[in-house]
Structures are given as C-alpha cells and as structure tokens.
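Chain residues, written in single-letter form:
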Amino acid sequence: MKTLTETYTLHNGLKIPKIAFGTWQIPNEDAYQAVLDALAVGYRHIDTAKSYHNEDAVGRAIKDSGIPRDDIFVVSKLRAPAIGYDETIASFEAQLKELGLDYLDLYLIHAPWNWSDRSVSVTPQNIEAWRAMEDLYKQGKIRSIGVSNFSVKDLQALLDHGTIVPMVNQIRFSVGFTQDEIVNFCNEHNILIEAYSPLGTGSVFSDSNLEAMAKKYDVSIAQLCIQYCLEKGTLPLPKTRSKDRMIQNATLDFGIKEDDMKVLDAFEEIQRL
Ligand SMILES: NC(=O)c1ccc[n+]([C@@H]2O[C@H](COP(=O)([O-])OP(=O)(O)OC[C@H]3O[C@@H](n4cnc5c(N)ncnc54)[C@H](OP(=O)(O)O)[C@@H]3O)[C@@H](O)[C@H]2O)c1
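Residues numbered from 1 in each chain as written. Predicted model: local features only at pLDDT ≥ 70, side-chain atom pairs only at ≥ 80, totals over all residues. Heavy atoms only, no water.

Right, let's get into the side chain of K77. Structurally, K77 is set in strand β5 (residues 73-78). For K77, a relative accessible area of 0% gives the class buried. Within the structure, K77 has its side chain in polar contact with the side chain of D47 (distance 2.7 Å). A polar contact of 3.0 Å, which involves the side chain of K77, links it to the backbone oxygen of T48. (Helix = DSSP H or I, 4+ residues; strand = E, 2+ residues; numbered from the N terminus. Buried < 20%, exposed > 50% of the residue type's maximum accessible area, 1.4 Å probe, protein only. Polar contact = N/O pair within 3.5 Å; in protein donor to acceptor, adjacent residues only side chain to side chain.)

Quick look at the structure:
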C-alpha cells in the first residue's frame, strides 16, 4: 500500500506520512490491539489526544510493535480549552509520560474554544499555550507543532503574537464539508490541512450518490472519500477497529476524474450520525 509510505513535507522540512490512523472513540482497553493492528498493516502515523483517554494503550502498542520509534509519526493533542504557559508544559510532560515516549512528532492545541461554551473567547490562553509549544519545539521535545479546529481568526491571532507559523491545522474535512475559507488561508501560509472525520464519523455510508460513484470506480465509499481528501491535498485520518478496513482504507490505487472531483466538491453536507 504505497499511500502508507508516501509523505507530505511540513514547512519545517519534516516528512509526515500521508494517511494517519485515528483513535478517537477507541477506548484504552481496545486501543492497544487496534494500534498494533494498524502498525502491522503498515500505518506509520498514529493520531491520539489527551481527551481520547487512550494514550497509555497507544504508547504500549507503539513500544511492543517492534518497529523503531523513529519510523512512527506520533501525534497527540493538548486538551481544550487551551491553558496557560506553565499548564501547557506540565500537560505535555504528563502526556509524554503516559505515552511512555521521549518525544512527540507533532503536538496540537486540540481546539481554540471551550467545549462547554464556545462563545467564551480563550484567545489569550491559546496564545500562551502556543508560546509554550514553541519553546518545547525549540528544545527538541516535539518535532513539529500545530493546531486543530482553528478558524482563520484563531490562526491569525497566533500569527500576530507567535514566532512560529503552525505546521498543521487538523480540521473536520470530508466530501460535503470542505471548509474552503480555512483551507485557502492555510494553503497561503503553508499550513498542512489534516482531514479529520474523512468518513463523516460514518455518515458517508448512507449516501446513495456516493455509493453510485464508488461503484463506478469499483471501490468502496470509504476508499472514494479518503482518496478525495488526498486529491484535495489534505491528510486524512480514517478510524476503524477492523483490520480488514484498515487495509481497505489505505488501498487507494485509483484516481478520481476531474469531472467527478467537481461533483464531489459540490456535495451538500452529509449530516453526521
Ligand atoms: N481534532 C479533532 O477535534 C478531531 C475530531 C474528530 C476526529 N478526529 C480524528 O479523526 C479520526 C477519524 O475521525 P472519526 O473518528 O470521526 O471517524 P471517520 O474516520 O470519519 O469514520 C469512522 C467510522 O467509519 C467506520 N469505518 C471506517 N472505515 C470503514 C470502512 N472501510 N467501511 C465501513 N465503515 C468504515 C468506522 O467503523 P468501525 O470502527 O466499526 O470500522 C467508524 O464508525 C479520529 O479517530 C481522530 O483521530 C479529530
């Protein structure tokens, strides 16, 4: 599966595998086997977060896989809302310990908002968290730093107050949900878009138009949607607990014709289940 060995290059020169294995909603007791399976299948990019409560299992699977640590791109996220400078450093150290690792390949601010009340601005905290992440990066404890769920306004605040442009913005991105304004801004600033929920957290499977187009290419809906993300220049993070689906999701030896890309670009949002 060549898609698992292909890479994008971040603006600091770091290579990042083009498809990641997502671990949201895989509880700690199941995440160990899921990550072992993903690594056995060939995934070399694993996405977790403090708030997924599975860093312990993810770290153990990475260690027990027998694959050299340097060959695996490990991502985790600071919990949201972002917190101050000292708390960010402390959280990073605690997460690294939970994962049992010496360094992270990418660390993200999980979201620019307070999950319980998005109307409350936490921009000053985001700026302080970013300052801490810049310092961790300069100390070599993280090989790249970025953000998640950041709007243009949220990103601009970091550009105005920080010294390092985020290398990644991990956002919801799938057929029917392409967030063009954020994507265009990120492209202008050389910020790689990571496409989370590339399968709409499962919602794409009930769409008959997608089913028809997938049939035309003799692929599954999952393969069509993941390939769409890649053709848009984003980095998809599909999640599955099934080893067969892990293989399927990375078996992408087809291209989507320009006309069909236009059809997919024009899709309405597919409501998440
Ligand atoms: N930064 C953020 O705020 C944020 C938010 C959401 C997600 N994420 C990241 O993005 C990752 C993926 O997003 P997601 O978890 O929302 O879901 P997703 O990858 O869009 O969809 C996962 C769903 O699709 C099913 N599935 C996967 N492959 C399939 C296939 N080939 N055929 C049929 N069904 C298939 C899975 O079921 P089975 O498991 O049963 O196969 C699961 O129900 C997360 O795990 C996480 O790492 C980040």
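In the structure shown here, the tally under the stated rule is 10 salt bridges. With a closest N to O distance of 2.9 Å, R69 and D105 form a salt bridge. One end of the pair, R69, is in the loop between α2 (55-64) and β5; the other, D105, is in the loop between α3 (85-99) and β6 (106-109), with 36 residues separating them in the sequence. Across the pair, D105 and R69 agree in class, each one buried. Ionic pairing is found between E269 and R172, a salt bridge with its closest N-O pair at 3.1 Å. Of this pair, E269 sits in the segment after α10 (258-265) while R172 sits in strand β8 (residues 168-172), placing them 97 residues apart in sequence. (Salt bridge = Lys/Arg side-chain N within 4 Å of Asp/Glu carboxyl O.)

Surveying the vicinity of the ligand reveals 27 residues, the closest of which are D47, S197, T201, T240 and R245. A distance of 3.2 Å separates an oxygen atom of the ligand from a polar backbone atom of T23. One of the side-chain N or O atoms of T240 is found 2.5 Å from an oxygen atom in the ligand. Looking at the shell around the ligand element by element, the count peaks at three residues for helix α9 (residues 243-250). (Near = heavy atom within 4 Å.)

Once that is clear, we can look at helix α8 (residues 221-231). Among the 11 residues of α8, 10 are classified as buried, and the element is accordingly described as predominantly covered. Within the span of α8, buried status applies to I221, A222, Q223, L224, C225, I226, Q227, Y228, C229 and L230. Elements in contact with the buried residues of α8: β1 (7-9), β9 (192-196), α7 (208-217), β10 (235-236), α9 and α10. Looking one or two residues past α8, G233 carries a phi angle of roughly 80 degrees, positive in sign. (Contact = heavy atoms within 4.5 Å.)

Further remarks concern the packing of aromatic side chains. Scanning the model with the defined rule gives four aromatic pairs in all. Plain terms: the ring middles of F21 and Y43 are 5.8 Å apart, the flat faces sit at 65 degrees to each other, and that makes the pair edge-to-face. With F21 in strand β3 (residues 21-22) and Y43 in the loop between α1 (28-41) and β4 (45-47), this residue pair connects regions lying 22 residues apart in the sequence. Ring geometry for F173 against Y228: centres 6.4 Å apart, planes inclined by 20 degrees, an arrangement best described as stacked. Here the residue F173 occupies a position in the loop between β8 and α6 (180-188), and Y228 occupies one in helix α8, the gap between them amounting to 55 residues. Both residues of the pair, F173 and Y228, count as buried. (Phe/Tyr/Trp six-rings, centres within 6.5 Å; stacked < 30°, edge-to-face > 60°.)

Glancing now at the nonpolar core. Ranked by size, the top nonpolar core spans 91 residues in total, and within it F21, Y43, L104, L210 and L224 carry the most contacts. At eight residues, the largest contribution of residues to this core is made by α8. Those residues in contact with L224 that lie beyond four places of it in its chain are L210, M213, A214, Y217, V219, F254 and I256. (Core = buried A, V, L, I, M, F, W, Y, C linked by side-chain atoms within 4.5 Å.)

Strand order in the open sheet formed by eight strands is β3-β4-β5-β6-β7-β8-β9-β10, with parallel pairing between adjacent strands. Across the chains shown, the open sheet's two edge strands, defined by having one partner strand only, are β3 and β10. When β3 meets β4, the two strands line up parallel, connected through two bridges. Across the sheet, the residue bridging to G22 is D47, located in β4. Packing against the sheet, α6 makes contact with β8 and β9, and its axis sits at approximately 165 degrees to β8. (Pairing = 2+ DSSP bridges. Axes fitted to C-alpha atoms, helices over the stretch in contact; angles between N-to-C directions.)

To continue, consider the side chain of D105. Of the residues examined, D105 reaches a relative accessible area of 1% and is grouped as buried. Separated by 2.9 Å, the side chains of D105 and R143 make a polar contact. Sequence-distant contacts of D105, that is, excluding residues within four places in its chain, are made with L14, R69, I72, F73, V74, I142, R143 and S144.

Here the focus is the environment of E181. Along the chain, the position of E181 falls in helix α6. The exposure class assigned to E181 is exposed, which follows from its relative accessible area of 60%. Between the C-alpha atom of E181 and that of V152, which follows or precedes it by 29 residues, the distance is 7.5 Å.

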